[in-house]
Amino acid sequence: MATEIAQNGQEPAVAAPWAALPAARAPADLAWTIVQMRAGERITVNKALIAAYQAASSPHSMRALKSDIEAFDAWCRRTNRITLPATAETVADYLDARAGKGSRPASLSRYKASIAKIHQLLDLKDPTPAPLVKLRLQAVRREKGAAQKQARPLRFKGPVRDVERDKARGLNIRALLESCGDDLPGLRDRALLSAAYDTGLRASELVAVAVEHIAEAIDPEARLLQILRSKGDQDGEGATAYLSPRTVAAIAAWTEASEITDGPLFRRVQVRRYKARAAVRGRPIDSISGREIWDLRKTLSKAAVKARVEYDIGTVALHPGSIGPIFRSIIQRAFGLGALPDLTTEDLARLLKGINAHSTRIGLNQDLFVSGEDLGGIMDALRWKSPRMPLTYNRNLAAEQGAAGRLMAKLS
C-alpha cells in the first residue's frame, strides 16, 4: 500500500489509517513520521519498503533517524523551506544552523546521512552529495576540527603505566567495585560495572544481557557471555566475551539476593525507606475534647516501628540511558566513602563530566593497549570491525608510551 504526501504539507491525498490521530496517539512508525513532513510536491510513500527498512534496522538506528528528520522538518517549517524533496541549499543552510548551535562535525555528518536516507527511501533525488553541502561541511570541520569528544576512560587501576604491577590510583574500577554496598542496589551495581569492564559492551548490549546468555568456560570459576547482537553485528551472527571470576562472583551474589533465575540480568531496583516511629500510648476516652474530631482510634495504643528498607526489583531490563548515571552514582558514592583518596572535590567534578556508558569500553581498550596487546587482539576482544576507533581511544597513551615519550622519560 502506498501513501501520498500532499504538496505544502497538507493532508495526504491517500490518508494512512492513523492520519487523523493526534501526534501523541500516533504509532511510533517511520511511515507516519514521513507523511507529516512538509512536501513541495506529491510524493508516494512505499509503506512496504519503509516497513522492510525498519525491520532490517536496529531500534537505536530508527530512533536516531526519526529524531533527525523530525528536527530537519521542524527547521524547514520555521524557515519556510520545503523538507521533501530538499534542495542542496536547504541542507547546507540547515547544517550551518546546527553548527551555529554547537553541533560537532560528527553530528552534522549523521544529520546529513539521515536526510540522504529519507530521500533514498522515497526515491527522491539525494541533495547531500552536492558540492555546496560538502564544502559547507568542510568549512565547519576546518573551523571546529573533526575530532570527536571522547568519554573519559574507566580503567581497572586508573591511569597507570603497568596494569599488573602498579598500585591503583586516581579514578579506578577496583576502588569503585570495593565501594559498592552489600544491599540490592550495591550488588546490582557491582555486577553491572564489573561485567561492563570485562566485556567492553556498549550500553544497549549491556542491558540486553540475560541469565541464559551466560555459559560455562574451561576455567570453572570464569564464564563466557554470549552476545547475540551488537552495533557492529546487526545480522545477529553473535560473539562471545569473557567474564572473569571477579565478575562471576559479583553476578552470583546479585542473582541470589534478587532471586533472578532467568530473563534480563540487570534490572531496576526501587528503594523504599521507612522512618522509625516511637510507640504511642492510647488516650483515655474522656480526654478527647469536643473540639476535636471524634475518633475512637485515638484511644488505641500504637507499638513502636523500626526503620526499614524495602526493595522492588523490576521485571524488565534497565534502559540503556541509565547506565551512564549509574556509573556516575557509583563514583560519587566511592568518593563519599573515601575510596578515592587522591582525588579532590574539584577533580571529581571534572572527571564526572566525561563519564558515560562508554567509559568502561574505552578503559578496557586502553588497559589492553598498555598491557602489550596488539591491535588485532584489541579489535577481537572488543569486537571492532575497523581499527579507527581503537586507535583513536589509544591516541593519548600512544603518544606517552611511544618513542618520544620513552626518550623524554629517560632524560627527565
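Here the structure is a predicted model, which is why all the values come from computation and not from measurement. (Residues numbered from 1 in each chain as written. Predicted model: local features only at pLDDT ≥ 70, side-chain atom pairs only at ≥ 80, totals over all residues. Heavy atoms only, no water.)

## Some words on the overall build of the protein chain
Within the protein chain, the regular secondary structure consists of 17 helices and 7 strands. The buried share of the protein chain, reckoned over its 412 residues, is 40%. Put simply, 65% of the contacts in the protein chain that link residues at least 6 apart link residues at least 24 apart. Of the accessible surface of the protein chain, which amounts to about 23200 Å², a share of 53% is contributed by carbon and sulfur atoms. (Helix = DSSP H or I, 4+ residues; strand = E, 2+ residues; numbered from the N terminus. Buried < 20%, exposed > 50% of the residue type's maximum accessible area, 1.4 Å probe, protein only. Contact = heavy atoms within 4.5 Å. Areas by Shrake-Rupley, 256 points an atom, 1.4 Å probe, with all protein chains shown as cover.)

## A word on the side chain of Asn 172
Mapped onto the elements, Asn 172 comes out in the loop between α6 (131-144) and α7 (173-179). A polar atom in the side chain of Asn 172 sits 2.9 Å from the backbone oxygen of Gly 170. Within the local environment of Asn 172, its side chain forms a polar contact with the backbone nitrogen of Ala 175, the two atoms lying 2.8 Å apart. Contacts of Asn 172, omitting those with residues within four sequence positions, involve Arg 155, Phe 156, Lys 157, Gly 158 and Leu 340. (Polar contact = N/O pair within 3.5 Å; in protein donor to acceptor, adjacent residues only side chain to side chain.)

## Thoughts on unusual backbone geometry
Omega for the peptide link from Leu 84 to Pro 85 comes to -10°, which places this bond in the cis form. Note that Pro 85 resides in the loop between α3 (59-78) and α4 (88-100). With a phi angle near 60°, Asn 80 is a residue other than glycine that sits in the positive phi range. Inspection of the secondary structure assignment puts Asn 80 in the loop between α3 and α4. The backbone of Asp 123 sits at a positive phi, close to 60°, despite the residue not being glycine. Residue placement: Asp 123 occurs in the loop between α5 (105-121) and α6.

## Brief notes about the packing of helix α11 (residues 323-336) against helix α12 (residues 345-352)
Contact geometry for α11 and α12: axes closest at 11 Å, N-to-C directions at 170°. Looking at the two axes, α11 sits roughly antiparallel to α12. From α11, Arg 328, Ile 331, Gln 332 and Phe 335 reach across to α12, where they touch Thr 345, Leu 348 and Leu 352. When the residues that make up the contact of α11 with α12 are grouped by side-chain class, the tally is 4 nonpolar, 2 polar and 1 charged. (Axes fitted to C-alpha atoms, helices over the stretch in contact; angles between N-to-C directions. Parallel < 35°, antiparallel > 145°, perpendicular 65-115°, else oblique. Nonpolar A, V, L, I, M, F, W, Y, C, P; charged D, E, K, R; others polar.)

## Some thoughts on empty space enclosed by the protein
Taken as a whole and assessed by the stated rule, the structure comprises 1 cavity of 30 Å³ or more. The space that makes up the largest cavity amounts to roughly 40 Å³. Every residue lining the largest cavity is listed: Ala 195, Leu 201, Leu 206, Val 209, Ile 214, Leu 225, Leu 243, Ile 251, Leu 265 and Phe 266. Taken together, the residues that form the lining of the largest cavity break down as 10 nonpolar, no polar and no charged. (1 Å grid on protein atoms, 1.4 Å probe; cavity = no way out; pocket = protein on both sides within 12 Å on 5 of 7 lines; lining within 4 Å. Points joined across faces, edges and corners; volume = space filled by probe spheres on them.)

## With respect to a nonpolar patch on the surface
On the surface, Val 271, Val 309 and Tyr 311 cluster together into a nonpolar patch covering about 200 Å² of accessible area. Along the chain, Val 309 turns up in strand β7 (residues 308-317). (Patch = residues over 30% accessible without salt bridge, like charges linked within 9 Å, V, L, I, M, F, W, Y side chains within 5 Å. Salt bridge = Lys/Arg side-chain N within 4 Å of Asp/Glu carboxyl O.)

## Some details on the environment of Ala 339
Note on placement: Ala 339 falls in the loop between α11 and α12. Residue class for Ala 339 comes out partly exposed when judged on its relative accessible area of 28%. Separated by 160 residues in the primary sequence, Ala 339 and Ser 179 have C-alpha atoms spaced 6.6 Å apart.

## Considering the packing of aromatic side chains
Within this structure, the stated rule accounts for 3 aromatic pairs. Through a chain of ring-to-ring contacts, three or more aromatic side chains come together here, namely Phe 72, Trp 75 and Tyr 94. (Phe/Tyr/Trp six-rings, centres within 6.5 Å; stacked < 30°, edge-to-face > 60°.)

## Examining the packing of α4 against α5
Where α4 meets α5, the axes come as close as 10 Å, and the angle between the chain directions of the two elements is 150°. The angle between α4 and α5 places the two elements in the roughly antiparallel class. Crossing angle aside, the handedness with which α4 passes α5 is right-handed. Across the interface between the two elements, Val 91, Tyr 94, Leu 95, Arg 98 and Ala 99 from α4 touch Leu 108, Tyr 111, Lys 112 and Ile 115 from α5. Split into classes, the residues belonging to the contact of α4 with α5 amount to 7 nonpolar, no polar and 2 charged. (Left-handed = near helix turned anticlockwise from the far one by under 90°.)

Everything listed here is a matter of geometry and, on its own, says nothing about what the molecule does.
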